[in-house]
Amino acid sequence: MSVLTLWVDGAAVAVPAGASLLEASRAANVEVPTLCHLDGLAPVGACRLCLVEVDLPGDGSPTRLVPACSTAAGEGLVVRTATVQLQRFRRMAVELLFAEGNHVCAFCVANGACELQDAAVAVGMDHSRFPFQYPRRHVDASHPHFVIDHHRCILCTRCVRVCDEIEGAHVWDVANRGSHCQIIAGLDQPWGTVEACTSCGKCVDVCPTGALAHNDDTTAEKRAARERPALLRSARERQRWHNQGGPP
Amino acid sequence: MSGAVDEAPGGAGPQRLRLATVWLAGCSGCHMSFLDLDEWLFDLARQVEIVYSPIASDTKIFPAGVDLCLVEGAVANTDNLALAQQLRDRSRVVISFGDCAVGGNVPALRNLWDASPQAVLNRGYMELADRSAQHPRAIGIVPELLPQVLPLHAVIAVDHYLPGCPPSAERIRAFLEPLLRGEPPPMQGAAMLRFG
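Keep in mind it's a predicted model, so treat the numbers as computed, not measured.

Trainee: Help me get a handle on the overall build of chain A, residues and values and all.
Mentor: When helices and strands are tallied, chain A shows six helices and 10 strands. Radius of gyration (C-alpha) of chain A: 19 Å, near the 18 Å computed for a compact globule of 248 residues. When each of the 248 residues of chain A is scored for burial, the buried share is 40%. Taking contacts inside chain A between residues at least 6 apart in sequence as the whole, the part at least 24 apart equals 64%.

Trainee: Would you mind going over the overall build of chain B in detail, with residue names and values included?
Mentor: The helix and strand tally for chain B stands at seven helices and seven strands. Helices (α) and strands (β) of chain B occur, in sequence order from the N terminus, as β-α-α-β-β-β-α-β-α-α-β-β-α-α. In terms of overall size, chain B behaves like a compact globule, its C-alpha atoms giving a radius of gyration of 18 Å where 196 residues would be expected to give roughly 16 Å. Projecting the C-alpha coordinates of chain B onto the three principal axes gives extents of approximately 60 × 35 × 30 Å. Per-residue burial over chain B gives 36% buried out of 196 residues. By sequence separation, contacts in chain B at least 24 residues apart represent 78% of the contacts at least 6 residues apart.

Trainee: Help me get a handle on the sheet that holds strand 5 (residues 91–97) of chain B, residues and values and all.
Mentor: Residue and element names in this part refer to chain B. Spatial strand order, 2-1-3-5-7: five strands in an open sheet with parallel pairing. Each having just a single partner strand, strand 2 (48–52) and strand 7 (160–162) make up the two edges of the open sheet. The mean angle between the axes of side-by-side strands here comes to 25°, regardless of whether they run parallel or antiparallel. Of the pairings in the sheet, the one linking strand 3 (residues 66–72) to strand 5 comprises six bridges and is parallel in character. Within strand 5, the residue paired with Val71 across the bridge is Ser96. Set on the sheet, helix 3 (residues 78–90) makes contact with strand 1 (17–23), strand 3 and strand 5; between it and strand 5 the angle comes to about 135°.

Trainee: Describe the interface of chain A and chain B, and please don't skip the residues or the numbers.
Mentor: Interfaces are often described in size by the accessible area the parts lose on coming together. Every contact between the two is made by 17 residues of chain A and, on the other side, 23 residues of chain B. Across the side of chain A that touches chain B, the residue classes break down as nine nonpolar, six polar and two charged.

Trainee: Give me the environment of Gly192 of chain A: which residues, what numbers.
Mentor: Residues and elements named next belong to chain A. With respect to the secondary-structure elements, Gly192 resides in the loop between strand 9 (182–185) and helix 5 (202–206). Here Gly192 falls in the partly exposed class, since 16 other C-beta atoms lie within 10 Å of it. Here the alpha-carbon distance between Gly192 and His143, two residues 49 residues apart in the chain, equals 3.8 Å. If sequence neighbours within four positions are ignored, Gly192 has contacts with Ser142, His143 and Pro144.

Trainee: Kindly report on the nonpolar core, identifying the contributing residues and their values.
Mentor: Within the largest apolar cluster, 67 residues are counted, with the highest numbers of intra-cluster contacts made by Ala24, Cys50, Cys159, Trp172, Cys203, Cys207 and Leu212 of chain A. Counting residues per element, this core draws most heavily on helix 4 (residues 158–167) of chain A, which supplies five residues. Counting residues domain by domain, this core receives three or more from each of domain 1 (3–82) and domain 2 (101–237) of chain A. Sequence-distant contacts of Leu212 of chain A, that is, excluding residues within four places in its chain, are made with Phe146, Ile148, Cys159, Cys203, Val204 and Cys207 of chain A. Core analysis: the second largest hydrophobic core is formed by 39 residues, Leu17, Ala20, Ala74 and Ile95 of chain B among them.

Trainee: Any details on the domain arrangement of chain A? Residues and values, ideally.
Mentor: Residue and element names in this part refer to chain A. Domain boundaries in chain A define domain 1 (3–82) and domain 2 (101–237). Look at where the C-alpha atoms of domain 1 and domain 2 centre, and you get two points 26 Å apart. Taken residue by residue, the interface counts 12 residues in domain 1 and 19 residues in domain 2.

Trainee: Could you give an account of the sheet that holds strand 4 (residues 64–67) of chain A, naming the residues involved and the relevant values?
Mentor: All names here are of chain A. With mixed pairing, the five strands of this open sheet are ordered in space as 2-1-5-3-4. The strands lining the two open edges of the sheet, one partner per strand, are strand 2 (11–16) and strand 4. For this sheet, the mean inter-axis angle between neighbouring strands, taken without regard to orientation, is 40°. Two elements, strand 1 (residues 3–8) and strand 5 (residues 78–80), share two bridges in a ladder whose sense is parallel.

Trainee: I'd love a proper account of the pairing of strand 8 (residues 172–175) of chain A, names of residues and values included.
Mentor: Residues and elements named next belong to chain A. As paired strands, strand 8 and strand 9 are joined by four bridges and run antiparallel to one another. Looking across to strand 9, one finds that Asp173 is bridged to Ile184. The antiparallel pairing of strand 8 with strand 9 creates a hairpin that spans six residues between the two strands, and Asn176 there sits at a positive phi of about 65°.

Trainee: Which residues make up the confidence of the model for chain B, and what values go with them?
Mentor: All names here are of chain B. In this model, chain B carries a mean pLDDT of 92, and residues with pLDDT of at least 70 account for 93%. Confidence over residues 7–13 falls short of pLDDT 50; this stretch has six contacts with residues more than four positions distant or in other chains. On the interface metric, ipTM, the complex scores 0.91, and its pTM is 0.92.

Trainee: So what about unusual backbone geometry? Which residues, and what values?
Mentor: A cis amide bond links Cys165 of chain B with the next residue in sequence, Pro166 of chain B, at an omega value of -10°. On the secondary structure map, Pro166 of chain B appears in the loop between strand 7 and helix 6 (169–180). At Tyr134 of chain A, a position not held by glycine, the phi torsion is positive, near 45°. Along the chain, Tyr134 of chain A falls in the loop between helix 3 (115–122) and strand 6 (139–140). Take Tyr134 of chain A: there are 21 C-beta atoms within 10 Å of it, and that puts it in the buried class. Even without a glycine there, the phi angle at His170 of chain A is positive, about 50°. Relative to the helices and strands, His170 of chain A resides in the loop between helix 4 and strand 8. On the basis of neighbour counts, which here come to 13 C-beta atoms within 10 Å, the residue His170 of chain A falls in the partly exposed class.

Definitions and cut-offs
Starting from 1, residues in each chain are numbered consecutively following that chain's sequence as written. Note on labels: chains are lettered from A, ligands numbered from 1, in written order. Where totals are concerned, whole chains, interfaces and linings use all residues; where local detail is concerned, this predicted model gives features only for residues with pLDDT of at least 70, and gives and counts side-chain atom pairs only at 80 or more. Helix and strand assignments follow DSSP, with helices taken as H or I runs no shorter than four residues and strands as E runs no shorter than two, numbered in order from the N terminus. Note that the radius of gyration is over C-alpha atoms, with the globule rule given as 2.2 Å times the number of residues to the power 0.38. Residues with at least 20 neighbouring C-beta atoms inside 10 Å of their own are called buried, those with 12 or fewer are called exposed, and the rest are partly exposed, where every C-beta is derived from the backbone. The contact criterion used here is simple: two residues whose C-beta atoms, placed from the backbone, lie within 7 Å are in contact. Only strands that DSSP links by at least two bridges are regarded as paired with each other. Axis definition: a line fitted to C-alpha atoms, limited for helices to the stretch in contact. Angles are taken between N-to-C directions and run from 0 to 180 degrees. Under the scheme applied here, ten amino acids are nonpolar (Ala, Val, Leu, Ile, Met, Phe, Trp, Tyr, Cys and Pro), four are charged (Asp, Glu, Lys and Arg), and all others, including Gly, are polar. Here a nonpolar core is just a set of buried residues of the types Ala, Val, Leu, Ile, Met, Phe, Trp, Tyr and Cys, joined wherever their C-beta atoms sit within 7 Å. Note that the domain bounds were set by an automatic or database domain assignment. Per-residue confidence from the predictor is given as pLDDT, running between 0 and 100.

Rendered as C-alpha cells:
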C-alpha cells in the first residue's frame, strides 16, 4: 500500500493512496464540517461545507477551493481547512440552504437532532442574509411507515445513495434542475406505490434533516441512525459485525 | 451597525438605559421567556428603565430616545411595518429577538399558501369557518396583511440577532449582561445560536 504525505493546517500527515482530503484532515485531527457526506456512502460534494484551500506543490499556481470529501489526497499538497475566507464561505453556504428551503426548526420532527441545525451553530450563523424563497413543495405521506417532507430537503442525496449503494433498491433519484430540483421516488410516483421499496428505512436513518421521518414522529421526536451505512459497509467488506462484539 | 451599548451620557452617575420590547407577528413566547428571567429581572430593573413593552409598560406610543429595543415577531401586516420603522428611527440598538424576527419562522408559513393575502384570509376566515364566516375587514382598525411575512432585517437595519424559539431565559440573560456592560454578546455555540 503506497503512502502519501501532505500538509493539513501546517501539520504533516501520511495517508494511504486513495484517501480523500477529508480523511487526511481527520488523520491530522482536524475537523472539517460536513453535511452531505456520510461515512459508508460514496462522496458527492453537494453541500460545499467541506471546502478547503489547496496549494499544489511548488507550481506557484493559485490556491484552489475543493470539497475535501470528494477530492483525493495527493503527495505534497498543502491544505488549509479553516481560513477566514473558508469560514465566510461555509457560513454563506448554510445561510443559502436555510433561505432555499422551508426550514422551520421550531416544529420540525428533527428539532434537536438535525445536522443542518447543528451546521448553523458550527458556522456561527445567527440569521440568513439571503432572502427566503418560500418554495411551494409538498409532503408525500403515501408510504405506510415513512413520510418525505420536501420542504425540509437540502438535496444532500444521502437517501439516494444509501438506497442504491447499501440497500440495492434504488428507489430514490434526483429529478429536474435548479430550484426545481427534487428527490423523487421511483419514476416520480407516490412513495407508497413504488414496488422497489423494501421499507427498510435506511433513507430515514441517514437523512440529515427532518425531510425523511417515521410517520408517527412529531416535533423533535425523530431519532436518526446515521452511523448505519458505515456499520453495514464494514460488516460486508471487512466482516466486522459490531453488534456481535467485534472490534470497531 | 452599532456595536454594544455604552453608558448613556449625562450627569455624574450612570443613567439607566432606556429599554423597549416590541411584539410584532409572534406568539409572545419570547416575551414569556423574558419573564422567565425571574429574579434577574430585579437586577435588570436597576440597570434599565423599561419605556415601552407589552409586558411591562402601558405606554401606547413608541417613545423617542430608546437605547435598546428587543423586537419579537416577524413583519406580517401594515401595523408591524409602521412600528418597525418607528422603533428603528427612535432606537440606538435594535435586536431581532427570537426566530420569528430573525427568520420569519411560523408566521412566515403563510408565504407558502398563496401569493395573495386575500387567499390566506379566505382560507382562514371563510373556508375553515364553522359559522358566521366573514372577512376581518375594518379599514383603519384591523391592519392589512402584507403580501409576504418578512424577517425584521428585511425591512429595517438590525444590530444584533438573538435566535431561538423561544430564546431561553439563560440565553437572553447571557445576551443582555454583556450588552449592558458595553460588550458584544458572545454569539457562538449551541447555547447561544441554535434555532428552534
